[in-house]
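# Notes for the structure review
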Amino acid sequence: EISQGRLEALLVFQTMVHDLTGLEIANASLLDEATAAAEAMALAESAAKGSRTKFLVSDGCHPQTIDVVRTRAEARGWEVVVGDHREWDLDDDVFGVLVQYPATDGEIADYTELVAATHGVGALVVVAADLLSLALLSPPGDWGADVTVGSTQRFGVPMGYGGPHAAYFATKEEYKRQMPGRIIGVSQDSRGEDAYYMALQTREQHIRREKATSNVCTAQVLLAVIAGMYAVYHGPDGIRKIAVRVHRLTHALAQALERLGHTIAHRPYFDTLRVEVGEGRAEAILSAARDARVNLRVLDGHSLGVALDETVRLEDLITLVRVFAAGAESSDGVPDEATVRGWLEAADEDAHPDFPAPFARASGYLTHPVFHMYHSEHEMLRYLKRLENRDLSLTGSMIPLGSCTLKLNATAEMYPISWPEFAHMHPFAPAEQVAGYREMIDGLNAWLAEITGFHAVSMQPNAGSQGELTGLLVIKGYHEARGEGHRNVCFVPQSAHGTNPASSVMAGYDVVVVRSDENGNIDVQDLKAKTAEHGDRLAAIMVTYPSTHGIFEESIREICQIVHDAGGQVYIDGANMNAMVGVSRPGDWGGDVAHLNLHKTFAIPHGGGGPGMGPIGVAEHLAPFLPGHPVVETGGDQAIGAVSAAPFGSPSILPISWMYIRMLGAEGVTRATKMAILNANYVASRLQGHYDVLYTGRNGTIAHECIIDPRPLRSETGVDAIDISKRLMDFGFHAPTVSFPVAGTLMIEPTESESKKELDRFCDAMIAIRDEIRKIESGEWDPENNPLKGAPHTVDMVVNSDWDRPYSRELAAFPEPQRENKFWPFVGRIQSAYGDRNLVCACPPVEEYEEYATAEV
C-alpha cells in the first residue's frame, strides 16, 4: 500500500520484458545473466517429466554463463554437456537446452528445428538473448522458446566493472509457479480499485523452504527501474532507432574490415563481429589496439571479436579500422583517416535495418500507453516524481523492518559510484587498466577479513542468497578434496533465515532441521541427537548469528564444537553482522565461513530490494576453494566454479561500503553496532507491557531486533499482526517484518541510524495502536468495523462524501497529533488472495489510460 510507486515501475519492467521476448510472463528481475541462466536450468529440470539429469549448453554461450551453469549443475548432480547445438544428441535424459541469441561471437542462428526437436523429447528450451537486439530480431517466444533470460544492462545502466545489472527472466504462463524471484501483480484494494502487490511466487518460495526451486528472495529493483524507465522514455520507436543505429555501425565496420582482407565469420549479425584475421596477424592488431587504447576480444589464435553499442561515433570506427589494418594482408599500410571515412560512409549508405527471414521481427512491442506518454523531459520527470511520491522511504520515517536493516546511506558514500572511472569500466578489462578498482576491492577485502576474523574474502557473490550458496559450495569442495564427498547433510535450525534451506538444497545437501528451545535458542540437545544420527554424513550447519529470533545464541561455541567434532563445518549467516562489527568475530568462536550483506551492515542502499552484495569470508583451510572465473583470474588454487557473471560481483557499488568503513574507522563501526543493539533494546523495553516480546536472552535483553507477539490478542479482539501493520501506515510508518520468522508476529529492527525522537515516535504509535485494541476488548469499538480493520486510510476514503464508518475521518487519517509531512497510502488494503487467483503481471489495460490514449497514442 505504501510502495505503489516502485511496484508500478517494476510492473513496467515486467511488461517491457514480456513484450520484447514474446513470452507470457516475466519477473521483476534477477541478479545477472549467468545466474538467470542457471535459474532457468533449475526451472527446466523441475518442469520436465521423469527423472532426467542432462542439460545441453551451446558453445556459443558466453563463457561466464557456461561456467556458472556448470557450478550450479555439479552441485545438484546434473550433467552439463557443452557443444555445437547443430550436433546435439537429444535423448530422453535431456531436461533442457541453453542457446545464446545472438551468440557470444555474434552469430545469429535459426533455432526453430532445435526447438521442435527439444520439445519432441519433452525438454525445455532456454534462450539467453540480447534484449536490444529483439527490437529487430524475431523474439524467442515467437519461435517456441520456453524461457528467455538475459541482462538489461544496455537499457541505461553503466557497465560498472560488472554490475549491478538487472537480469531478466521470462517464461510461459504454465511455469509461473516454478519461476524464481519476485513477481509484481495487479490485484484490488478494499474499494475494488487496482493495486500493485508482490504476487504468489515471492511468498511461495519462502514458505517452501527446502522444497523451493530457487533461493533468490529479492530482485535488482533499482536497476530494473532504470531499465524499465529507459524503455518508457524512448518508447518503441526510440528503442528501434537505437537498435538500428547499433546495427548500421556494425555493418559499416564489417564492410570496411572486409576491404582490408579480413573475413567476417557470421552473417547475419547484430552488434558483434567475429573477425577472421588469419594466422600470425592477431598480435600485430592487438598491439595496435593497445596503442590506440582499444580493447578487443581474443577468440582464438586467428579470430578477434569486436562489439559496438549506440555510443560509438564515426571517429571510433575509423580508429577500429586503422587498428585492424595493422594486421591486414595488404602491404599498402594503414589507410589514412579520410580513406577510412569514405569506406564507412559508403557502407552506411547501403545499410538496411531489416533482417532477412526468418530472423526479422514481425510482432509488435511496447504497445502499452505507458511507453508512449512520457517522451518529453518534463513529462518523464513528472512521471518519476509521481511514482516516488507513492513510496514511503527513510526520508519520511524510520523503516523498522526486522532482518532487513534499513539504515542511513550517507551522500558522501554514494557519490563515488557516479564517477566515470568506476561507472564505465568493462568487467573483463585487462588488469593493468583496473588498478584503482583492484586496490579498492583488495582494501575492502582486508577490512572485512579483519572485521570477521577470517583469512580471506571473495567478492563474487552478488546477493546474500548467492553468498549462502557460495559458502556451502566452498564447504562442499573442501569435503570432496579430502575424500569425504559423502557428507551431504546440512543442519538448518528453525531460527535460520528463510533462504537457508533452499540454499542448502541448491548446494546438493539434504536438509535436517534443528529445533529451537523455548527461549528461541538452538536446542543443543536436539543438535546432539541429530549429530549422533547423521554425524558421518554431516557437511555443515547454517547458523544465523545473532539469530533471526533477535538473540545471541548463548551456546554458540558449544554448537560449533559439536559440529566440528563430527567432521562438519560451521556456516554463519552474517545477515545480522550489524550486531557484531567491532564486538564479536565469527572467525574467533568457531565459524568456518560467513556471508555478509553489504546492503545491510555496510550501508549499500536496498533500492527497494536491490542491488545487494553477499561476499563471503572463510577460514584459512577453505581459502583454496573460493570461486574462480573463466575470464578473469580469481579465487583459490582449488577454486569452485564461478557463481556470478562478473568476477567481483557488483563492483560499482563497493565504493559505498569502502567509504562507510573508511570514514567511520574502527571506533565508528564499533559504536554503530553498540547503538544498533541499544536502540533495539530501548524499543523492546518501551513496548514491554503493551505487547509480549517473544524471545529474550538470559538477562532479559535482545540483540539488534526484537519479535513482538500480538497473537494472544487475536482470539479476544480479532486483531492480528496484519491489522497492526496496516494501521501503522496511518501513523506514517512502514510496517515491521510480518510473520517471519514466527507466523503471526512482528519483527522490529530500529538500526543505529535512528534518533531517540524517532524511536519514541514509533513506540508511541505502537502503544497508541495497543490502546485502540483495548477499545475493541472493552466493546467500545466494533470488532469488524474499526480503524485497525479499515486501515490504511487513503485521501479518497477520507474526503469521500459516502463515509459511513462508525469512527471519525480525523481518527482514521490523523491518529497522532503531528500533521506535518503526513504520508498518505496510495491505495486501500490490498486483497492479495484476489490477485493470486486472477494473476496479472503486466501493466493494466489501455482503458486505464483512456485520457492519454486518445490524445497521444
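See the structure printed just above.
Rules used in this analysis
- Residues numbered from 1 in each chain as written.
- Predicted model: local features only at pLDDT ≥ 70, side-chain atom pairs only at ≥ 80, totals over all residues.
- Heavy atoms only, no water.
- Helix = DSSP H or I, 4+ residues; strand = E, 2+ residues; numbered from the N terminus.
- Buried < 20%, exposed > 50% of the residue type's maximum accessible area, 1.4 Å probe, protein only.
- Polar contact = N/O pair within 3.5 Å; in protein donor to acceptor, adjacent residues only side chain to side chain.
- Contact = heavy atoms within 4.5 Å.
- Pairing = 2+ DSSP bridges.
- Axes fitted to C-alpha atoms, helices over the stretch in contact; angles between N-to-C directions.
- Expected span 1.5 Å × (residues − 1).
- Arc of directions from axis to C-beta.
- Phe/Tyr/Trp six-rings, centres within 6.5 Å; stacked < 30°, edge-to-face > 60°.
- Salt bridge = Lys/Arg side-chain N within 4 Å of Asp/Glu carboxyl O.
- Parallel < 35°, antiparallel > 145°, perpendicular 65-115°, else oblique.
- Left-handed = near helix turned anticlockwise from the far one by under 90°.
- Nonpolar A, V, L, I, M, F, W, Y, C, P; charged D, E, K, R; others polar.

With that settled, the discussion passes to the environment of Ala 145. Mapped onto the fold, Ala 145 is located in the loop between strand S5 (124-129) and strand S6 (147-151). Taking relative accessible area as the criterion, Ala 145 reaches 1% and is therefore assigned buried. A sequence separation of 27 residues divides Ala 145 from Lys 172, and the C-alpha atoms of the two residues are 8.7 Å apart.

What follows deals with the side chain of Thr 737. Summarising the element assignment, Thr 737 is placed in strand S23 (residues 737-738). On the basis of relative accessible area, Thr 737 is assigned to the buried category, the value being 11%. In terms of polar contacts, Thr 737 uses its side chain to reach the backbone carbonyl oxygen of Gly 402, at 2.7 Å. For Thr 737, the residues in contact, after removing those within four places along its chain, are Pro 400, Leu 401, Gly 402, Thr 745, Leu 746 and Met 747.

Spatial ordering of the open sheet is given by S14-S20-S19-S18-S17-S15-S16, a layout of seven strands whose pairing is mixed. The open sheet has two edge strands, strand S14 (456-458) and strand S16 (510-514), and neither has a second partner. On average, each strand axis in the sheet is tilted by 25° relative to the strand beside it, whichever way the strands run. The strands touched by helix H14 (residues 464-481) within the sheet are strand S15 (489-493), strand S17 (538-544), strand S18 (569-574), strand S19 (593-596) and strand S20 (616-618), with S18 carrying the most contacts at an inclination of about 170°.

Quick look at the pairing of strand S9 (residues 194-198) now. Where strand S8 (residues 184-189) lies against S9, five bridges are found, and the strand directions are antiparallel. Pairing of Gln 188 across the sheet is with Asp 194, part of S9. Linkage of S8 to S9, two consecutive antiparallel strands, is achieved through a turn of four residues, within which Gly 192 is found at a positive phi near 85°.

Here we come to helix H9 (residues 337-349). With 13 residues, H9 extends 18 Å between its outermost C-alpha atoms, agreeing within 8% with the 18 Å of an ideal straight helix rising 1.5 Å per residue. Buried within H9 we find Val 340, Trp 343, Leu 344 and Ala 347. Taken around the axis of H9, the buried residues stretch over an arc of 90°, which confines them to a single face. Residues of H9 that are exposed and point over 90 degrees away from its buried face: Ala 338 and Glu 349. Taking the backbone nitrogen of Ala 338 as reference, a side-chain oxygen 3.3 Å away marks Asp 336 as the first, capping residue of H9.

This paragraph deals with the packing of aromatic side chains. Two numbers describe a pair of aromatic rings. These are the distance of the centres and the angle of the planes. Per the stated rule, a full pass over the model turns up 20 aromatic pairs. Ring geometry for Phe 422 against Tyr 437: centres 5.0 Å apart, planes inclined by 65°, an arrangement best described as edge-to-face. On the criterion of sequence distance, the pair formed by Phe 422 in helix H12 (residues 420-423) and Tyr 437 in helix H13 (residues 435-452) is long-range, its members being 15 residues apart. Here the two residues Phe 422 and Tyr 437 agree in accessibility, since each one is buried.

So, about the pattern of salt bridges. Taken as a whole, this structure holds 44 salt bridges when the rule is applied. A salt bridge links Glu 758 to Arg 761, with the nearest nitrogen and oxygen atoms 3.1 Å apart. With Glu 758 and Arg 761 both in helix H21 (residues 756-777), this residue pair falls three residues apart, about one helical turn. Classification of Arg 761 by relative accessible area gives buried; the value is 16%. Three or more residues are tied together by salt bridges with common partners; here these are Asp 105, Arg 274, Glu 276 and Asp 300.

With that settled, consider the packing of helix H3 (residues 63-76) against H14. Running from amino to carboxyl end, H3 crosses H14 at an angle of 60°, the nearest separation of the two axes being 12 Å. With respect to each other, H3 and H14 are oriented oblique. Here H3 and H14 pass one another in a crossing that is left-handed. The segment H3 lies against H14, with Thr 71, Arg 72 and Ala 75 engaging Gln 466, Leu 469, Leu 473 and Lys 476. Residue composition of the contact of H3 with H14, by class: three nonpolar, two polar and two charged.

The next thing to look at is helix H17 (residues 556-565). What H17 keeps buried is the set Ile 556, Ile 559, Cys 560, Ile 562 and Val 563. Down the axis of H17, the smallest arc covering the buried residues is 160°, so these residues share one side. Exposed residues on H17 whose side chains face more than 90 degrees from its buried face are Arg 557 and Asp 565. Each element contacted by the buried residues of H17 is listed here: helix H16 (524-534), S17 and S18. Positive backbone phi, at 90°, marks Gly 567, one or two positions downstream of H17.

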